[in-house]
Protein chains: 2
Amino acid sequence: MRYRMLAAAVLFVLFTSEHVRAQNKTIAERLGYPADSKLLIIHADDLAVAHSVDTASFDALNKNAVTSASIMVPCSWLTEVASYAKEHPDADLGLHLTLTSEWKMYRVGPVSPSDKVASLIDPSGYLWAETVLAARNLKPEEAEREIRAQIERAVALGIHPTHLDSHMGVLFSKPELFAVYVKVAHEYKLPFLAVRIPNAPAQLLAVLSEKDVILDSVAMASPTVHANEWRDFYANVVKNLKPGVAEMIVHLGHDDTELQAVTLDHPDFGSAWRQRDYDFVTSPEFKKALEENHVILVKWKDLKKLVN
Amino acid sequence: MRYRMLAAAVLFVLFTSEHVRAQNKTIAERLGYPADSKLLIIHADDLAVAHSVDTASFDALNKNAVTSASIMVPCSWLTEVASYAKEHPDADLGLHLTLTSEWKMYRVGPVSPSDKVASLIDPSGYLWAETVLAARNLKPEEAEREIRAQIERAVALGIHPTHLDSHMGVLFSKPELFAVYVKVAHEYKLPFLAVRIPNAPAQLLAVLSEKDVILDSVAMASPTVHANEWRDFYANVVKNLKPGVAEMIVHLGHDDTELQAVTLDHPDFGSAWRQRDYDFVTSPEFKKALEENHVILVKWKDLKKLVN
């Protein structure tokens, strides 16, 4: 249910408009590809939340089954991801800025001193469990303090983030939060996840710069996709890609005791879901579909060059 | 190596003297047993550090294979333990006050606002990795703030602690820290782990009250015990129990992928170690040894009645 709300938040707020697009060249051209290329980032979310998620994601990164991934800095396994990052300096790792803690038996708090970001914290002392609660309660200046702290913590551990995005879409849920997200991304000269939508409100567009790279589409399995439709869903995503830059967001993990416990009572984005995502992205079928549809895989670090 | 230092710290500081013992009755008598009874607490440490540790410890508690356990409040699985505590109101659960974060790939920070307990935090932003580093760096007033915060966090999540002890012996490592530990335990009217030693320094004894329950001995497997000597080690502990109150500290877990990752490169107190401890405490052999040696199992909640 939480993630259904997230899906609503993402649909509502991810955006941009022709205004920003009004540059001489498409992103594909700026990257040296033909103007009508179909570029795709295959992106694994939620690194550091669990060892099971880390091992599945590292394996997919190593196999080039995903091009990129992003990290939840407040989680206890961050050091494991930092160690991987040091051993794989070419791995395309961004930060999955985390302002929610959604699981039933496993919770995390902020990186910042908790009394400096009191609006981010629920009555049990952890980050809010749901996007809608976070959006309702958190003060933009405290969200800004926390996302800066998350970036600084990652950098201190030797991670050089290639991009920013937002766990459960919290930073897409209100214009004031989106403004903070873009402002911090600009300061750190990092590309950030944002998706073109028609008729984006002027308030949102006002914070963007001409250099910003806005994706044309994002695809992610949702709870409406049944387990037996998984491969069809992704096959259709690939088949329906249009010229432009798209991101396919996946959630990788092994369906093991740790991840079953983390995702207890939450089949949406649960451990079986993450195993299905892992199985699909590492399948020859997926590789073949990408080839047959002339999809060019790109990374956030490619886009990073465009914003600097 | 870290734990070898812990062992040294424990040997050095756990204590008390005849001064405190000078009451009319032994603890056994105060609990209604004959004066020369051999009372034993079988205690599982480190709950909440990992799901693997939690499930093994819950199982041992449910089987009465251990009598008591204590919880690491700063760890992400605290909510899992709080849920168990609510479903098992008779479970004897204390707090394993945590001022160190010793694992390589999995780290935790304080419960308090980090800028209020800066001396507790290492350069990577987490609690110090080793007892000796924590003891060297942390300010007693900040340790006090943090242990109070850990108690308050546990209580807020519905845990009613029966006792206090100290992860990796940090609170036994210096008289100033021991004083804070005892002071807070007195305020919360909780018994706390401390062990009788001959010739305890007056500085340590000065903080104790007449009501405090001081154990006569503590036994714990150390890295000097080889895997194939495990059962002999514990069999000897049971056989050599003397009249008085003793605690056997065990570290339970399953030797699975999660716990192997938490305890990476650290066989001492690692996942195989914890599996051995689990296998031993749940064995018929252990039960039989306790019976044959006329050991009476007691809980911290029994001792709690004596301090109130």
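Our structure's up above, just so we're on the same page.
Numbers given to residues run from 1 along each chain, matching the order in which its sequence is written. All chains are assigned letters beginning with A, and all ligands numbers beginning with 1, in the order in which they are written. Owing to the predicted nature of the model, reporting of local features is limited to residues with pLDDT of at least 70; listing and counting of side-chain atom pairs is limited to 80 or more, with chain, interface and lining totals taken over all residues. Water and hydrogen atoms were dropped before computing side-chain values, which therefore reflect all heavy atoms in the structure.

A.B. asks: Summarise the interface of chain A and chain B; cite the residues concerned and give the values.
C.D. replies: Every residue pair with non-hydrogen atoms within 4.5 Å of one another is taken to be in contact. Between chain A and chain B, the residue contacts involve 29 residues of the former and 29 residues of the latter. Any Lys or Arg side-chain nitrogen located within 4 Å of an Asp or Glu carboxyl oxygen qualifies as a salt bridge. For the pair chain A and chain B, the number of links is two salt bridges. The salt bridge involving Lys-116 of chain B is made with Asp-115 of chain A; its shortest N-O contact spans 2.4 Å. Contacts described as polar in this section are N or O atom pairs within 3.5 Å, which, within protein, must combine one atom able to donate a hydrogen with one able to accept it, while residues neighboring in sequence count only if both atoms come from side chains. At the boundary of chain A with chain B, the tally comes to nine residue pairs in polar contact (both at pLDDT 80 or more).

A.B. asks: If you had to explain the packing of helix α4 (residues 51-62) of chain A against helix α5 (residues 78-87) of chain A to someone new, which residues and values would you point to?
C.D. replies: All names here are of chain A. Lines fitted to the C-alpha atoms define the axes, with helices restricted to the stretch that makes contact. Angles between their N-to-C directions range from 0 to 180 degrees. We count a stretch as a helix when DSSP gives it H or I for four or more residues in a row; a strand needs E for two or more, and each element gets its number in order from the N terminus. With their axes 10 Å apart at the nearest point, α4 and α5 run at an angle of 15° to one another. On the basis of their axis angle, the class for α4 and α5 is roughly parallel. Read as a crossing pair, α4 and α5 show a hand that is right-handed. Taken together, the residues of α5 that come into contact with α4 (itself represented by His-51, Asp-54, Phe-58, Leu-61 and Asn-62) are Glu-80, Val-81 and Tyr-84. Class assignment for the residues of the contact of α4 with α5 results in four nonpolar, two polar and two charged. Just so you know how the angles are binned, under 35 degrees is roughly parallel, over 145 roughly antiparallel, 65 to 115 roughly perpendicular, and the rest oblique. A crossing counts as left-handed when the near helix is turned anticlockwise from the far one by less than a right angle, and as right-handed when that turn is clockwise. When residue character is reported, Ala, Val, Leu, Ile, Met, Phe, Trp, Tyr, Cys and Pro are called nonpolar, Asp, Glu, Lys and Arg charged, and the others, Gly included, polar.

A.B. asks: Which residues make up the relation of the copies chain A and chain B, and what are the values?
C.D. replies: In superposing the copies, a least-squares fit is computed on C-alpha atoms, taking residues whose pLDDT is at least 70 in both. Of the two same-sequence chains, chain A is brought onto chain B (RMSD 0.0 Å, axial shift 0.0 Å) by a rotation of 180°. Such a combination of turn and shift is consistent with a two-fold rotation axis. Residue Pro-113 of chain A of chain A places its C-alpha closer to the rotation axis than any other residue of that unit, at 2.0 Å. With an isologous cut-off of 70% or more, the 100% of interface residues of chain A that recur at the interface of chain B puts this contact in the isologous class.

A.B. asks: An account of the packing of aromatic side chains is needed here, citing residue identities and associated values.
C.D. replies: What counts as a ring pair is set by centres within 6.5 Å for rings of Phe, Tyr and Trp (its six-membered ring), and what kind of pair is set by the plane angle: stacked under 30 degrees, edge-to-face over 60, tilted for all other angles. The tally for this structure, following the rule as stated, stands at 22 aromatic pairs over all chains. Taken together, a centroid distance of 4.3 Å and an interplanar angle of 25° make the contact between Phe-269 of chain A and Trp-273 of chain A stacked. The burial state of Phe-269 of chain A is the same as that of Trp-273 of chain A; both residues are buried. Summarising the aromatic geometry, the rings of Tyr-234 of chain B and Phe-280 of chain B are spaced 5.0 Å apart at their centres and angled 15° between planes, so their arrangement reads as stacked. Of the two residues, Tyr-234 of chain B sits in helix α10 (residues 230-239) while Phe-280 of chain B sits in helix α12 (residues 271-281), which places them 46 residues apart along the sequence. Per-residue accessibility, obtained with a 1.4 Å probe over protein chains only, is compared with the maximum for each type, and a residue is labelled buried under 20%, exposed over 50%, and partly exposed between these values. By relative accessible area, Tyr-234 of chain B is classed as buried at 1%. Ring pairing ties together the aromatic residues Trp-230, Phe-233, Tyr-234, Phe-269, Trp-273, Phe-280 and Phe-286 of chain A, which thus form one cluster. Sitting over the face of the ring of Trp-230 of chain A, Arg-276 of chain A holds its NZ or CZ atom 4.1 Å from the ring centroid. In this scheme, Lys NZ or Arg CZ marks a charge over a ring once it lies within 6 Å of the ring centre and within 35 degrees of the ring normal.

A.B. asks: Could you give an account of the side chain of Asp-122 of chain A, naming the residues involved and the relevant values?
C.D. replies: Turning to its location among the elements, Asp-122 of chain A is positioned in the loop between β3 (93-97) and α6 (131-137). Discounting residues that sit within four places of it in the chain, Asp-122 of chain A has contacts with Arg-107, Leu-127 and Trp-128 of chain A.

A.B. asks: Talk me through the pattern of salt bridges; I want residue IDs and the actual numbers.
C.D. replies: The full count for this structure, using the stated rule, is 24 salt bridges over all chains. Put simply, Asp-122 of chain A and Arg-107 of chain A hold a salt bridge, and the shortest N to O gap is 2.9 Å. Within this pair, whereas Asp-122 of chain A is found in the loop between β3 and α6, its partner Arg-107 of chain A is found in the loop between β3 and α6, the two being separated by 15 residues in sequence. Grouping residues by exposure puts Asp-122 of chain A and Arg-107 of chain A together as buried. Residue Arg-274 of chain B is joined to Asp-46 of chain B by a salt bridge in which the shortest nitrogen-to-oxygen separation is 3.0 Å. Taken together, the residues span a long stretch of sequence, with Arg-274 of chain B in helix α12 and Asp-46 of chain B in strand β1 (residues 38-47) at a distance of 228 residues. For the residue pair Arg-274 of chain B and Asp-46 of chain B, the accessibility class agrees, reading buried in each case. Each of the salt bridges in this network shares a partner with another, and the network as a whole consists of Glu-144, Arg-148, Lys-183 and Glu-187 of chain A.

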